[in-house]
Number of protein chains: 2
Amino acid sequence: MARSTKAAAEKTRRRILDAAEQLFYVHGVAQTSLEQIAEAAGVTRGAIYWHFADKVALFRALYEGVRLPQEDLVEQAASGGNPDPLGLLEQVACDCLKTLAADRQRQRVYAILLFRCDYLGEMAEALARQSEADAAMHANLTRLFAMAGRDGLLSPRWAPAVAERAFTAMMRGLWVDWLRYERNFDLAGVGSDCVRGLFRSFRAE
Amino acid sequence: MARSTKAAAEKTRRRILDAAEQLFYVHGVAQTSLEQIAEAAGVTRGAIYWHFADKVALFRALYEGVRLPQEDLVEQAASGGNPDPLGLLEQVACDCLKTLAADRQRQRVYAILLFRCDYLGEMAEALARQSEADAAMHANLTRLFAMAGRDGLLSPRWAPAVAERAFTAMMRGLWVDWLRYERNFDLAGVGSDCVRGLFRSFRAE
DNA sequence: GGATATACCTACATCGCTGTATGTAAAGTG
DNA sequence: CACTTTACATACAGCGATGTAGGTATATCC
């Protein structure tokens, strides 16, 4: 076949990305060949090499298309002198779980990033991005919890640094377990209950 | 070279396993060829094929050599009518963190299982084992928390199922974050503090 | 409406990796 | 001391995947 309009080209690019997302999710990044992606997208490898330099570039385009939950968290909980930072964070965290639970594409991409690829060699930059997002999140939340501690909003039984780690660990554990085992519990419901329980403990004097 | 004694053969088997562990950890399972493993072990691919059927078998031997933390947890917290199941679980969990923090081999193998391999195709059984271990752990802990709830040991503000999920999520999050980012916090110290904080909340009436 | 760039497809050349078959020297066995 | 088995090493065959070069038909631009 031949060339179509610019819009059509963008469409095939999308089809390639969608096919890659599906196949990476089902078979893993390393186990998926460009041939398979091309076939699933209804094109040939030539089309893929036209739109992307190689498989790594394709992978990069895939994960750059979605926002990480850490990035969501850090952005929405900016907390510029909020009167109730803990309440805000609790709300944002629950929203975050709800969003993830509803967005199949995010689920697939996160699952790929978590379980469907090994991060070495060329893929390392994907890990680097997550690492940066995590660092930013920790920095931000550490400030937030420290503030809450100073303002007497955080129970003295929780050292701010410990509370921050407990919160991030629980969040990570929730979506790791949920994604890993095929969403075998109610993330938005039970997950949010877990978060609320933890924050109840944070606030108790 | 030639054949040596049976003990020497076992030694080369170990060398192969050690080399594989190192390389899988550094480069990922898929990105590591048997040739590289052989070179690192100071043998040829022939030796690997003598001791193992293929790379998958080698990988299996590797992860079958260590116990999963879920298995540790479920075994040590058997809790046959323990008067203080929550206290027991808290202790076991902290021990678990301490053990992981001290055992480099476990850290590498867990990291490989978590981040250095994609679980599809032949590797799926590795995930299956973890899945079973997790299921057993959840079943056991669900019973434990339900018991604690009935006995009035668990705060009524924590539904047993939610508490169980909160605990397992926190544990998973702790060692996932710790392993993923090169042990960038004090797992035994801060991690245990997190667990203790959570259990304090569990017990508060 | 001719020239050119675009958006692919086809064909090829290559290469790393796997698996297996074969060789071989030492260790075990009777 | 024959012989067999063990514990590897070496050599080979083949495939699958990658990257690229070249072809082609259609938009797009002037």
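> What am I meant to see in the interface of chain B and chain A here?
Think of interface size as the accessible area that goes away when the parts come together; that is how it is often given. Contacts between the two partners involve 41 residues from chain B, matched on the other side by 41 residues from chain A. Taking both sides of the interface into account, the surface hidden between chain B and chain A amounts to around 3600 Å²; carbon and sulfur atoms contribute 60%. Along the contact surface separating chain B from chain A lie two salt bridges. Across the pair R172 of chain B and D177 of chain A runs a salt bridge, and its minimum N-O distance is 2.4 Å. The interface formed by chain B and chain A includes 10 residue pairs in polar contact (both at pLDDT 80 or more). Examining the composition of the side of chain B that touches chain A, we find that 12 residues originate from one element, helix α9 (residues 160-180) of chain B, more than from any other.

> It is not clear to me how the side chain of Q70 of chain B should be interpreted in this structure. Could you clarify?
All names here are of chain B. One can find Q70 in helix α5 (residues 69-76). Judged by relative accessible area, which is 3%, Q70 ranks as buried. Polar contacts involving the side chain of Q70 include one to the side chain of D134, which spans 3.0 Å.

> Teacher, can you tell me more about the pattern of salt bridges here?
Two side chains of opposite charge can pair, provided their charged atoms sit close to one another. On inspection of all chains with the given rule, the structure shows 24 salt bridges over all chains. The salt bridge involving R67 of chain B is made with D72 of chain B; its shortest N-O contact spans 2.9 Å. Look at R67 of chain B and you get partly exposed, because its relative accessible area is 34%. The shortest N-O distance in the salt bridge between R106 of chain B and D103 of chain B comes to 3.8 Å. By relative accessible area, R106 of chain B is classed as buried at 12%. Here the salt bridges share partners, and the residues they tie into one network are R67, D72, E75, D103 and R106 of chain A.

> Looking at this model, I keep getting lost on the packing of helix α1 (residues 6-27) of chain A against helix α4 (residues 55-64) of chain A. Mind explaining?
How two helices pack is summed up by the angle between their axes together with the distance between the axes. Residues and elements named next belong to chain A. Viewed as axis vectors pointing N to C, α1 and α4 meet at an angle of 95°, and their least axial separation amounts to 10 Å. It follows that α1 is roughly perpendicular to α4 by the angle criterion. The segment α1 lies against α4, with I16, L17, A20, E21 and F24 engaging K55, L58, F59, A61 and L62.

> Whenever I open this one, the nonpolar core confuses me. Can you help?
What tends to happen in soluble globular proteins is that the nonpolar side chains get buried as a cluster. Counting 137 residues, the largest nonpolar core has F167 of chain A together with F167 of chain B as its most contacted members. If near-sequence neighbours (up to four positions away) are discounted, F167 of chain A is found in contact with L73, L89, A93, L141, F145, L198, F199 and F202 of chain A.

> Looking at this structure, I do not really get the packing of helix α6 (residues 85-102) of chain B against helix α10 (residues 187-203) of chain B. What am I missing?
Residue and element names in this part refer to chain B. Relative orientation of the contacting elements α6 and α10 amounts to 165°, with a least axis distance of 9 Å. As the angle between them shows, α6 and α10 are arranged roughly antiparallel. When the axes of α6 and α10 are compared, the crossing they make is right-handed. For the pair α6 and α10, the contacting residues are L86, G87, L89, E90, A93, C94, L97, K98, L100 and A101 in the first and L187, A188, G191, S192, V195, R196, F199, F202 and R203 in the second. For the contact of α6 with α10, the class distribution of residues is 12 nonpolar, three polar and four charged.

The rules behind each value
- Residues numbered from 1 in each chain as written.
- Chains lettered and ligands numbered in written order.
- Predicted model: local features only at pLDDT ≥ 70, side-chain atom pairs only at ≥ 80, totals over all residues.
- Heavy atoms only, no water.
- Contact = heavy atoms within 4.5 Å.
- Buried area = accessible area lost by both parts, 1.4 Å probe.
- Salt bridge = Lys/Arg side-chain N within 4 Å of Asp/Glu carboxyl O.
- Polar contact = N/O pair within 3.5 Å; in protein donor to acceptor, adjacent residues only side chain to side chain.
- Helix = DSSP H or I, 4+ residues; strand = E, 2+ residues; numbered from the N terminus.
- Buried < 20%, exposed > 50% of the residue type's maximum accessible area, 1.4 Å probe, protein only.
- Axes fitted to C-alpha atoms, helices over the stretch in contact; angles between N-to-C directions.
- Parallel < 35°, antiparallel > 145°, perpendicular 65-115°, else oblique.
- Core = buried A, V, L, I, M, F, W, Y, C linked by side-chain atoms within 4.5 Å.
- Left-handed = near helix turned anticlockwise from the far one by under 90°.
- Nonpolar A, V, L, I, M, F, W, Y, C, P; charged D, E, K, R; others polar.

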